[in-house]
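Observations on the three-dimensional arrangement
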Amino acid sequence: KLKKIVAGMVNEGKNRGLFSRHRVTISPEAIAEYSEFGESSTAWRAVERVVMNDDYAFVYTSALAAIIVPRRAFATSGSFEEFVGIAIGYREKAGA
């Protein structure tokens, strides 16, 4: 049932901004996401959690939304893991 609901939501509208190429940057203050359709920035104190699996990092900006960063976006696995470690550190330092 959930799969049907999600498919219906994705098929509603064009969702160009959702399925386009994005650039993600992190700073001590925030995580920012940019695409040709817009940009957004979330302060680390508002980030729910940062987790990763074998292929992706997930920066949860709410219980239901995350900035998803693929490992393949980095030249090396070490660079990906460093990115995730820095993001976790920024979030912890912000007191989130």
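Whatever comes next refers back to the structure up there.
Here is a short report on the structure shown in this document.

What counts, and at which threshold
- Residues numbered from 1 in each chain as written.
- Predicted model: local features only at pLDDT ≥ 70, side-chain atom pairs only at ≥ 80, totals over all residues.
- Heavy atoms only, no water.
- Pairing = 2+ DSSP bridges.
- Helix = DSSP H or I, 4+ residues; strand = E, 2+ residues; numbered from the N terminus.
- Axes fitted to C-alpha atoms, helices over the stretch in contact; angles between N-to-C directions.
- Expected span 1.5 Å × (residues − 1).
- Contact = heavy atoms within 4.5 Å.
- Core = buried A, V, L, I, M, F, W, Y, C linked by side-chain atoms within 4.5 Å.
- Buried < 20%, exposed > 50% of the residue type's maximum accessible area, 1.4 Å probe, protein only.

Notes on the sheet that holds strand β3 (residues 38–43)
- Read from one edge of the open sheet, three strands run β1-β2-β3, paired in antiparallel fashion. Two strands lie at the open edges of the sheet, namely β1 (23–26) and β3, each paired on one side alone. Between one strand axis and the next, the sheet turns by 15 degrees as a mean value, whatever way the strands run.
- Summarising the sheet, β1 and strand β2 (residues 30–35) pair through four bridges and their orientation is antiparallel. Looking at β2, one finds that R23 is bridged to Y34.

Details of helix α2 (residues 77–93)
- Taking 1.5 Å of rise per residue, the 17 residues of α2 would be expected to cover 24 Å, and the 24 Å separating its terminal C-alpha atoms lies within 8% of that figure.
- Considering only its buried residues, α2 is in contact with β1, β4 (49–52), β5 (56–60) and β6 (66–70).
- Directly after α2, the chain includes G95, whose backbone phi takes a positive value near 80 degrees.

Observations regarding the nonpolar core
- The biggest cluster of nonpolar side chains holds 12 residues, and these are I31, W44, V47, V50, A57, V59, I67, V69, F80, F83, V84 and A87.
- When residues in this core are grouped by element, the largest group, four residues, is from α2.

Here we look at the sheet that holds β4
- The strand order β4-β5-β6 describes an open sheet built from three strands, whose pairing is antiparallel. Across the chains shown, the open sheet's two edge strands, defined by having one partner strand only, are β4 and β6. Sheet twist, expressed as the mean angle between neighbouring strand axes with direction ignored, is 15 degrees.
- In the sheet, β4 pairs with β5 via four bridges, with the strands oriented antiparallel. Counted as the bridge partner of R49 is Y60 from β5.
- Against the sheet, α2 touches β4, β5 and β6, its axis set at about 160 degrees to β4.

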